[in-house]
Amino acid sequence: MSNYVISISREFGSGGRLIGKQLAARLSIPCYDRTIIQKTAEKSGLSPDFIARAEERARSRFHLSAIHGGLNQSALSYHGTPVSHQAFFAQAEVIRELADEGPCVIVGRCSDYVLGERPECLKVFIYADLASRVERCVEEYHIPAQGMERRIVQMDRGRSNYYGYYTGHRWGDMRRYDLTLNSSTVGVQGAVALIAALTQARDAHLGQS
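Please read all numbers here as calculations on a predicted model, not as lab measurements.

About the criteria used
- Residues numbered from 1 in each chain as written.
- Predicted model: local features only at pLDDT ≥ 70, side-chain atom pairs only at ≥ 80, totals over all residues.
- Heavy atoms only, no water.
- Helix = DSSP H or I, 4+ residues; strand = E, 2+ residues; numbered from the N terminus.
- Buried < 20%, exposed > 50% of the residue type's maximum accessible area, 1.4 Å probe, protein only.
- Phe/Tyr/Trp six-rings, centres within 6.5 Å; stacked < 30°, edge-to-face > 60°.
- Contact = heavy atoms within 4.5 Å.
- Pairing = 2+ DSSP bridges.
- pLDDT = per-residue confidence, 0-100.
- 1 Å grid on protein atoms, 1.4 Å probe; cavity = no way out; pocket = protein on both sides within 12 Å on 5 of 7 lines; lining within 4 Å.
- Points joined across faces, edges and corners; volume = space filled by probe spheres on them.
- Nonpolar A, V, L, I, M, F, W, Y, C, P; charged D, E, K, R; others polar.
- Core = buried A, V, L, I, M, F, W, Y, C linked by side-chain atoms within 4.5 Å.

**Side note on the environment of Gln 86**
Structurally, Gln 86 can be placed in helix α5 (residues 83–101). Residue classification places Gln 86 among the buried positions, given a relative accessible area of 10%. Separated by 46 residues in the primary sequence, Gln 86 and Thr 40 have C-alpha atoms spaced 9.7 Å apart.

Here it is, written out as structure tokens:
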């Protein structure tokens, strides 16, 4: 296969992170998730916790238009802008660098937007019904069931606002993804198989064009 990148966006509790890890293992390529936070911290000088909690702090739907030339400028050029903006631009730079290194899976972090203009980027959105998301959070993440539905709604709102603020697009809009999957219907293994098959089919299609 070519130098492809699979970006996985996901609703909270949908199993998107697990799907990304198992997909990467199946394809024998790296999966980047929390690694991006650490690399962004090193590049920006900000704390990993500050970067990790960016989505939870996202309360506004206001769109951040391109600042000082947009995403393609080095993160080192953004000192003097708000630290949250510095973190996002540094994170975007890290994502591009990881994608340049070779085939990989990148989970979340607006990677579908950051890499969206690259023809080798396959964009996937994972969602699930609320009941199965609550069950997953309780059983796999060991989060107390009490108030879990409200917590899931809050996390999704944060992700949606964060995405909208930095990209100007609607999070979860199916037209922005190559594939949207309901993990409640196909399960983790089914999702992995479908994405792997699409990756292979898309790579073959690009090779013919």
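**Here we look at the packing of aromatic side chains**
Enumeration over the complete set of coordinates arrives at seven aromatic pairs. Measuring from centroid to centroid gives 5.3 Å for Phe 125 and Trp 171, while their planes differ by 75°, and the two rings are edge-to-face. Of the two residues, Phe 125 is situated in strand β4 (residues 121–127) and Trp 171 in the loop between α8 (148–167) and β5 (179–182); the sequence distance between them amounts to 46 residues. Note on accessibility: Phe 125 and Trp 171 belong to one class, buried.

**Describing the side chain of Asp 33**
Tracing the sequence through the fold places Asp 33 in the loop between β2 (31–32) and α2 (34–44). Beyond its immediate stretch of four places on either side in the chain, Asp 33 contacts Arg 17 and Val 107.

**Remarks on the sheet that holds β2**
Pairing is parallel across the open sheet formed by five strands, whose spatial order is β2-β3-β1-β4-β5. One side of each edge strand has no neighbouring strand; the edge strands of this open sheet are β2 and β5. Taken together, the four bridges between β4 and β5 define a ladder with parallel strand orientation. Paired with Ile 126 across the strands is Leu 181, a residue of β5.

**Describing the confidence of the model for the protein**
Mean pLDDT over the protein stands at 86; residues scoring 70 or higher make up 86%. Per-residue pLDDT stays below 50 along residues 65–76; that stretch engages in 26 contacts with residues further than four places along the chain or on separate chains.

**Points about empty space enclosed by the protein**
Vacant regions in the atomic arrangement are exposed by a probe of water-molecule size rolled over the atoms. Within the structure shown, the criterion is met by two cavities of 30 Å³ or more. For the largest cavity, the calculated volume is near 90 Å³. Considering the residues around the largest cavity, the lining is formed by Ser 9, Arg 10, Glu 55, Gly 108, Arg 109, Cys 110, Asp 112, Arg 159, Tyr 162, Tyr 163 and Trp 171. Per-element tally for the lining of the largest cavity: the top contributor is α8, with three residues. The class makeup of the residues in the lining of the largest cavity is four nonpolar, two polar and five charged.

**Things to note about the pairing of strand β1 (residues 5–10)**
Where burial is concerned, most of β1 is hidden: six out of the six residues are buried. Neither face of β1 is left uncovered, since the one carrying Val 5, Ser 7 and Ser 9 and the one carrying Ile 6, Ile 8 and Arg 10 both have all their residues buried.

**Points about the nonpolar core**
Counting residues in each nonpolar core, the largest one holds 20 residues, and the members touching the most others are Ile 6, Ile 8, Ile 19, Leu 23, Val 105, Val 124 and Ile 195. In terms of residues, this core owes the most to one element, helix α9 (residues 183–208), which gives five residues. Discounting chain neighbours no more than four positions away, the residues touching Ile 195 are Ile 6, Ile 8, Ile 19, Leu 23, Leu 122, Val 124, Ile 126, Leu 179 and Leu 181. If you look at the next biggest cluster of nonpolar residues, it comprises 13 residues, including Val 94, Cys 104, Ile 106 and Leu 115.

**A word on the side chain of Arg 136**
Tracing the backbone shows Arg 136 in helix α7 (residues 130–139). Excluding its chain neighbours within four sequence positions, the residues that come into contact with Arg 136 are Gly 13, Ser 14, Gly 15, Leu 18, Tyr 141 and Val 188.

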